[in-house]
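So the chains spell out like this:
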Amino acid sequence: VPSRVTTDGGGLDDDAEIARAIAASLEPPTRTSPSRPSEPEPVPTDWAVPEEPGPNEGIALAFRVPGGGRLQRGFRATDAVGGVEAWLAREAGVDFARHSLTVAFPRRRLTDRGATLGECGVGDKTALSVESGR
């Protein structure tokens, strides 16, 4: 970079340029750098949490969530996987852009949010877990 030296005692151009450089260095970094990984897109929140069925109705499910917590709740076999994920997001703060719902046995991921629990083979007293990865 060529140096600009003034001999007339001015230097105002240099002072203004230094002031701009300092101001630019104080601004927060932008997310346009190709070396930084991009954030995953959030999961759409268009799934409604289904109403819990009454006693002796529906299927009882048990969930293991990140951090070791456990939750239980009743659902209907006709409820969509997306509705179950919406409930887990609300109750346990699960981010389904980074996690997936998995049936414990036989082990399989529930990836189709539009499928019903019954279509996925999820029945009464099924144990599910929330695991990293989508």
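Above this text sits the structure in question.
Criteria and cut-off values
- Here the residue numbers are simple positions, counted from 1 along each chain's written sequence.
- Residue-level local features of this predicted model are given only where pLDDT is at least 70; pairs of side-chain atoms are given and counted only at 80 or more, and the full residue set underlies all totals for whole chains, interfaces and linings.
- Water and hydrogen atoms were dropped before computing side-chain values, which therefore reflect all heavy atoms in the structure.
- Helix and strand assignments follow DSSP, with helices taken as H or I runs no shorter than four residues and strands as E runs no shorter than two, numbered in order from the N terminus.
- In a helix, the anticipated span is given by 1.5 Å times the number of residues less one.
- Here a residue-residue contact requires only that any non-hydrogen atoms of the pair lie within 4.5 Å.
- Relative accessibility decides the category of a residue: with a 1.4 Å probe and only protein chains considered, values under 20% of the type maximum give buried, values over 50% give exposed, and everything between is partly exposed.
- Polar contacts, as counted here, are pairs of nitrogen or oxygen atoms within 3.5 Å of one another; within protein the pair requires one atom able to donate a hydrogen and one able to accept it, and residues that are adjacent in sequence qualify only if both atoms are side-chain atoms.
- Only strands that DSSP links by at least two bridges are regarded as paired with each other.
- Aromatic rings from Phe, Tyr and Trp, with only the six-membered ring used for Trp, were paired whenever their centres fell within 6.5 Å, and each pair was classed as stacked if the ring planes differed by under 30 degrees, edge-to-face if by over 60, and tilted otherwise.
- Just to be clear on terms, a salt bridge is a Lys or Arg side-chain nitrogen sitting within 4 Å of an Asp or Glu carboxyl oxygen.

> What am I meant to see in helix α2 (residues 81-92) here?
Along an α-helix, residues three or four positions apart point the same way, because every turn accommodates 3.6 residues. Spanning twelve residues, α2 covers 16 Å between terminal C-alpha atoms, matching the ideal 16 Å at 1.5 Å per step. Against β1 (59-64), β2 (70-75), β3 (99-103), β4 (108-110) and β5 (126-132) lie the buried residues of α2. G93 lies just past α2 and shows a positive phi near 70°.

> Whenever I open this one, the environment of S100 confuses me. Can you help?
Residue placement: S100 occurs in strand β3. Look at S100 and you get buried, because its relative accessible area is 1%. Sequence-wise, S100 and V130 are 30 residues apart; in three dimensions their C-alpha atoms are separated by 5.6 Å. A polar side-chain atom of S100 sits 2.6 Å from a polar atom in the side chain of R109.

> What is the right way to read the pairing of β2 from this model?
It is a general feature of regular strands that their side chains alternate between the two faces of the sheet. Sheet analysis places β1 next to β2, joined by six bridges and oriented antiparallel. The residue of β2 that forms the bridge with L61 is R73. Remark: five residues form the turn of the hairpin made by β1 and β2, two consecutive strands paired antiparallel; G67 in that turn has positive phi of roughly 95°.

> I'm lost on the packing of aromatic side chains in this one. Help?
Each aromatic ring pair is summarised here by two numbers: the centre-to-centre distance and the angle between the ring planes. In total, this model carries three aromatic pairs according to the counting rule given. On the numbers, 5.8 Å between centres and 80° between planes, the contact of F75 with W87 is edge-to-face. Placement of F75 in strand β2 and of W87 in helix α2 is noted, with a sequence separation of twelve residues between them. Like F75, the residue W87 is buried in the burial classification.

> So what exactly am I meant to see when it comes to the side chain of T116 here?
Looking at the element boundaries, T116 is found in the loop between β4 and β5. The residues touching T116, leaving out its near neighbours within four places in the chain, are A77, T78, D79 and A80.

> Looking at this model, I keep getting lost on the pattern of salt bridges. Mind explaining?
Side-chain pairs of opposite charge can arise where the charged atoms are in close proximity. Taken as a whole, this structure holds six salt bridges when the rule is applied. A salt bridge links E52 to R73; its shortest N-O distance comes to 4.0 Å. With E52 in the loop between α1 (12-26) and β1 and R73 in strand β2, this residue pair connects regions lying 21 residues apart in the sequence. Taking relative accessible area as the criterion, E52 reaches 43% and is therefore assigned partly exposed. When the shortest N-O distance is used, the salt bridge between E57 and R76 registers 3.7 Å. Taken together, the residues E57 in the loop between α1 and β1 and R76 in the loop between β2 and α2 connect sequence positions 19 residues apart.

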